[in-house]
Amino acid sequence: MLWQQLINGLTQGGTYALIAIGYTLIFGVLEIINLAHGEVFMVGAVAGYALVMLLGWGLLPALIGGMIGAALLGAVLEFTALRALRRKGVSNLAPLISTIGLGMVLQNVMIRVVGAEPLPFRVPLAGFVLRLGPLQVTATQLVVLGVSLVLMIALQWTLSRTGLGRAVRAVSENPETAALLGVNVSGIVLATVMLASALGGAAGVLVGVSFVSVSAVMGMSYGLKGLAVIILGGLGNVSGAVAGGLLIGVLEALTVAYGGAFAGYKDAVAFGFLFLVLVARPQGLLGQGAAVTRRS
Amino acid sequence: MSAPDRAQGGSHVHSLLRVQGLTRRFGGLTAVADVELAVEAGQIFGLIGPNGAGKTTCFNLITGLLPPSAGAVEFGGRSIVGLAPHRVTALGMARTFQNIRLFGAMTARENVLVGAHARLRAGVFGGIFRTPAVRREEAAARERAVRLLDLVGLGDAADLPAAGLPYGRQRRLEIARALATEPRLLCLDEPAAGMNESESRELMDLIRRIREQGMTVLLIEHDMHVVMNLCDRVAVLNFGQKIAEGSPAEIQANPAVIEAYLGRDDSAAD
Amino acid sequence: MSYYLQVATFICVSGILGLSVYLVLSTGQLTLGNAGFMLLGGYTAGLLAIKLGWPLWLTVPAGGLLAAVVAVPLGAACLRLRGVYLAVATLGFTQSLVVIANNLTITGGALGLKDIPNLGTRLQRYFRGFLAEAPFGLTMAQFANLVVLLICAALLGLAFWLIVRQGQSRVGRAFTAIRTDEVAASAMGINTTYYKVLAFAQGAFLAGVAGGLMAHLTYFIGPADFGFSRAVEMLVFVVVGGTSVPAGPVLGAALLRTLSEYLREAKDLRLIIYGALMLLMVLVRPQGLLTPGMFAGLGRWWQRRRAPGKGAAV
């Protein structure tokens, strides 16, 4: 049974990791937390839902569609809530507030459009179960885990091997120097925000697939989980986000399976754990940049 | 308080500030390496050196804003390494900042009153209900703030927001704010930076007056004219190490110092 | 009539919530933890009244005190965290409390606390003891609601007065100094740890009191009343009204509460407007509607009026 729980946990954790990577990429280049990210995730999920259920697309095209939709939303985010606040003398709390605001707008506009109730999201995968001895792996789990892995590897490859990746890393190292070296900083920031949002959107579609439903209010809880994950993993640290996501996913699955009376505390796991880590090790589990020395 | 100390100037046992083996590393870089300093009560002590020599880091280590990697700092005969900055201030050490750090939205007077913080007692209850003792304390502090503002020549600016003052006046307000902490040792980080000649002459007068009131002054300065005219003793840092120390005349003649500044016109720099 | 009294009462409670966030922000700390402290205060007050039968004038301050007591170690633990980290850690605190309230038996789980003694009802019963008829031609229920409003308004006024007076004192200067430049503040002899924890605990106390009031105003509280949305709502009051004068959060609470009453039927529309306002305020007027400059001008005018001869000299 332990192995079964680990598989369930890793599947869930993979989506957390995808969401968390989105936060961490944006933090890497801008040193801000995008609190609208959970809603970008939700919009990606609903877009995927609409493409499959209303237009009859297959899962893969819908996934890509959801990512593109989320990426476009990322561009909107950059132009409305972020770019104008990147001038001197603006409090570093300002982007927190502006992104919370945009997030509220997105969520409630979506509630107006599709309602607050969950929408059934069925893809023609359900029912297929792979049995390995006592273990059961559903096709959905395989797809979710597989796609998460592929996206993470693709991201790693992009960051380490491509010109775009090099530019992103240069900007997150030091924007001024990058600009002097001829990097188009605004362009790279825009690209990063869109990329981060696309990953969030992909996570949305995957979560929709694995829970067989999407809703306009799903962004809140996942957004908060992702937030806990990145702080655990260390802000701006992609591998930390992956490790943190998987860890939280597994811990939650174990809490539900073995927690007995505490199973109901599943949703407190991430934040409880986060809280302890922050107090004991403010730079996160894997982070090197310390929460305490960042300019405030 | 420090007038009697001054008579003992020269005796190393009673140095007001004594720094030994002071070292600070950032990652692989050693910003300050094994620096020794002894500032005697009543001195005006200059700390000079080319840009990036580690002067400001030295200040931060002495005033407790940065923990040293190694070394000892004794102030008034007591070790202050590891003390929080506000405790160091309460012991009688005050500082200004190279990149002026005033409380911009507060008035000049309020800035000085913040400096007096550690010398006042009013707590939450007293502050809210304005007990007679608190009223007296506050009135006295305001009066003293005005005197300090007059001393630095800002008497007319008491009610203006600090951020709106011209650059030279902001520097002097920082000095008034530091004086409000009632220090024995006043540490000034490039007080003359950005000042024109007449302004820096006024500044030198001000620093001399401060010393006459019994305070000891430790200053970082780029302007050689100021250093040579003002300081009793000068130490030179280069690449984090102390390369020379002596009277201004000795420093001017020191080949190592000339070497460190070679090809540079530092009186014009910054 | 009773409806308007109730709306005004909730504006007062919201004002207290806004002030609780303002206090913490006045030392430069952005907290999302006050929704959690509000939950603590609300449940404490409700449970003390239901289970132990404490009188309401004791349950409300008890809730505030418990919140403040919890805030001291929490504030100290979070102290090293700045900006973003502090906001997220305190949000974690709030969310964890919501989950706990959702699961404990004593808090009634997801269903929440029911049948909390109601302030208005209690007052009504009390007045009937010695009044045959309510004064001013009101019904007894209306009169009780009016007294409830006056109590909440008085508490808001008291909190406001305390904050203004504290702000003008040595403590207030320390707060402003820390908010402006923590390093410079500590170099000027200010014990930044002490004052940041102090502000955090004071804010928690106000949030706890507001939670207790809420519990006794509504018969019912549940975990869903105190999550992320509540944390954000309090923040909106401050962001819209003004982040650096105490009148700001009160104005913000009044404006946004009134607005949400107009949009009562459409909760989502209300939240869209809240969200858009936050975004807009940060972009166009980051200090909020009210700024210290306005009050400085007012203060000068007042001084001139009081001492017409001296006005010119200043």
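The sections below set out a description of the structure shown in this document. Computed from a prediction, not measured in an experiment: that's the story for all the values here. (Residues numbered from 1 in each chain as written. Chains lettered and ligands numbered in written order. Predicted model: local features only at pLDDT ≥ 70, side-chain atom pairs only at ≥ 80, totals over all residues. Heavy atoms only, no water.)

Thoughts on the overall build of chain C
Looking only at helices and strands, chain C has 14 helices and zero strands in total. Starting at the N terminus and ending at the C terminus, chain C contains elements arranged as α-α-α-α-α-α-α-α-α-α-α-α-α-α. Its C-alpha radius of gyration of 20 Å places chain C within 12% of the 20 Å reference for a compact globule of 314 residues. Counting only C-alpha atoms and orienting by the principal axes, one finds that chain C spans roughly 60 × 50 × 40 Å. Evaluated residue by residue, chain C yields a buried proportion of 60% over its 314 residues. Within chain C, contacts between residues at least 6 apart in sequence are counted, and of these 77% link residues at least 24 apart. Looking at chain C as shown, the accessible area adds up to about 12,700 Å², and 67% of this sits on carbon and sulfur atoms. Once the 23 positive and 9 negative side-chain charges of chain C are each reduced to a mean point, those two points are 13 Å apart. (Helix = DSSP H or I, 4+ residues; strand = E, 2+ residues; numbered from the N terminus. Rg over C-alpha atoms; globule rule 2.2 N^0.38 Å. Buried < 20%, exposed > 50% of the residue type's maximum accessible area, 1.4 Å probe, protein only. Contact = heavy atoms within 4.5 Å. Areas by Shrake-Rupley, 256 points an atom, 1.4 Å probe, with all protein chains shown as cover. Lys, Arg positive; Asp, Glu negative; His and termini not counted. Charge placed at Lys NZ, Arg CZ, Asp CG, Glu CD.)

Looking at the overall build of chain B
Counting its regular elements, chain B contains 11 helices and 10 strands. On C-alpha atoms alone, chain B measures out to a radius of gyration of 19 Å, which is about the 18 Å that the 2.2 N^0.38 rule sets for 270 residues. Taking contacts inside chain B between residues at least 6 apart in sequence as the whole, the part at least 24 apart equals 68%. Accessible area of chain B: about 11,400 Å², with a carbon and sulfur share of 50%.

Quick notes on the sheet that holds strand β7 (residues 185-189) of chain B
Residue and element names in this part refer to chain B. Judged by pairing direction, the sheet is mixed, and its six strands sit side by side in the order β6-β7-β8-β3-β9-β10 without closing on themselves. Either end of the sheet is taken by a strand with one partner, and the two such strands are β6 (93-95) and β10 (241-246). Averaged over all pairs of adjacent strands, the angle between their axes in this sheet comes to 20 degrees, without regard to strand direction. In this structure, strand β9 (residues 233-238) lies alongside β10, joined through five bridges in antiparallel fashion. Following the sheet pairing, L237 is matched in β10 by K242. (Pairing = 2+ DSSP bridges. Axes fitted to C-alpha atoms, helices over the stretch in contact; angles between N-to-C directions.)

Some thoughts on the state of the cysteines
Under the definition given, this model contains zero disulfides over all chains. Unpaired in this structure, C187(B) has its nearest cysteine sulfur neighbour in C58(B), at a distance of 10 Å. Residue C187(B) is classed as buried on the basis of its relative accessible area of 1%. Not engaged in a disulfide, the cysteine C152(C) finds its nearest cysteine sulfur in C12(C); these two sulfurs lie 6.2 Å apart. By relative accessible area, C152(C) is classed as buried at 0%. (Disulfide = S-S within 2.5 Å.)

Re the pairing of β9(B)
All names here are of chain B. For β9, the buried fraction is high: five of the six residues fall into the buried class. As paired strands, strand β3 (residues 44-48) and β9 are joined by four bridges and run parallel to one another. Across the sheet, residue F45 finds its bridge partner in β9, namely R233. The antiparallel hairpin formed by β9 and β10 contains two residues in its connecting segment, where F239 sits at a positive phi of about 50 degrees.

Some words on helix α1 (residues 2-25) of chain C
Over its 24 residues, α1(C) extends 35 Å from the first C-alpha to the last, a length consistent with the 34 Å expected when each residue adds 1.5 Å. Of all 24 residues that make up α1(C), 19 are buried, and the element is covered over most of its length. (Expected span 1.5 Å × (residues − 1).)

Overview of the pattern of salt bridges
Where charged atoms from two side chains of opposite charge come close, those side chains can pair. For the coordinates displayed, the defined rule picks out 20 salt bridges over all chains. Where D159(B) meets R109(B), a salt bridge forms, and the shortest distance between an N and an O atom there is 3.1 Å. Taken together, the positions of D159(B) in the loop between α6 (132-151) and α7 (167-180) and R109(B) in helix α4 (residues 108-115) put the pair 50 residues apart, joining distant regions of the chain. R177(B) serves as the salt-bridge partner of E174(B), at 3.2 Å between the closest nitrogen and oxygen. A residue pair is termed a helical-turn pair when its members lie 3 or 4 positions apart in one helix, as E174(B) and R177(B) do in helix α7 at three residues. Members of the salt-bridge network, linked through shared partners, are E78(A), R83(A) and R86(A). (Salt bridge = Lys/Arg side-chain N within 4 Å of Asp/Glu carboxyl O.)

Thoughts on the interface of chain B and chain C
Contacts between the two partners involve 32 residues from chain B and, on the opposite side, 27 residues from chain C. For the pair chain B and chain C, the summed buried area comes to about 2,500 Å², and 63% of that belongs to carbon and sulfur atoms. Considering only the surface of chain B that becomes buried against chain C, H86(B), H117(B) and I128(B) emerge as the three largest contributors, covering 26% of it. At the boundary of chain B and chain C, one finds two salt bridges. Two residues, R101(B) and D181(C), come together in a salt bridge whose shortest N-O distance is 2.7 Å. Joining chain B to chain C, the criterion identifies 10 residue pairs in polar contact (both at pLDDT 80 or more). Within the residue set of the side of chain B that touches chain C, elements represented by two or more residues are α3 (85-90), α4, α5 (124-129), α6 and α7 of chain B. Looking at the side of chain B that touches chain C residue by residue, the class counts come to 15 nonpolar, eight polar and nine charged. (Buried area = accessible area lost by both parts, 1.4 Å probe. Polar contact = N/O pair within 3.5 Å; in protein donor to acceptor, adjacent residues only side chain to side chain. Nonpolar A, V, L, I, M, F, W, Y, C, P; charged D, E, K, R; others polar.)

Description of the nonpolar core
The biggest cluster of nonpolar side chains holds 195 residues, and the ones touching the most others in it are I33(A), L227(A), I230(A) and F37(C). Among the elements that line this core, the one with the most residues is helix α9 (residues 192-218) of chain C, at 14 residues. The contact partners of L227(A), leaving out residues within four places of it in the chain, are Y23(A), I33(A), L35(A), V88(C) and L91(C). Counting 52 residues, the second-largest nonpolar core is a separate cluster that includes L149(B), L173(B), L188(B) and A260(B). (Core = buried A, V, L, I, M, F, W, Y, C linked by side-chain atoms within 4.5 Å.)

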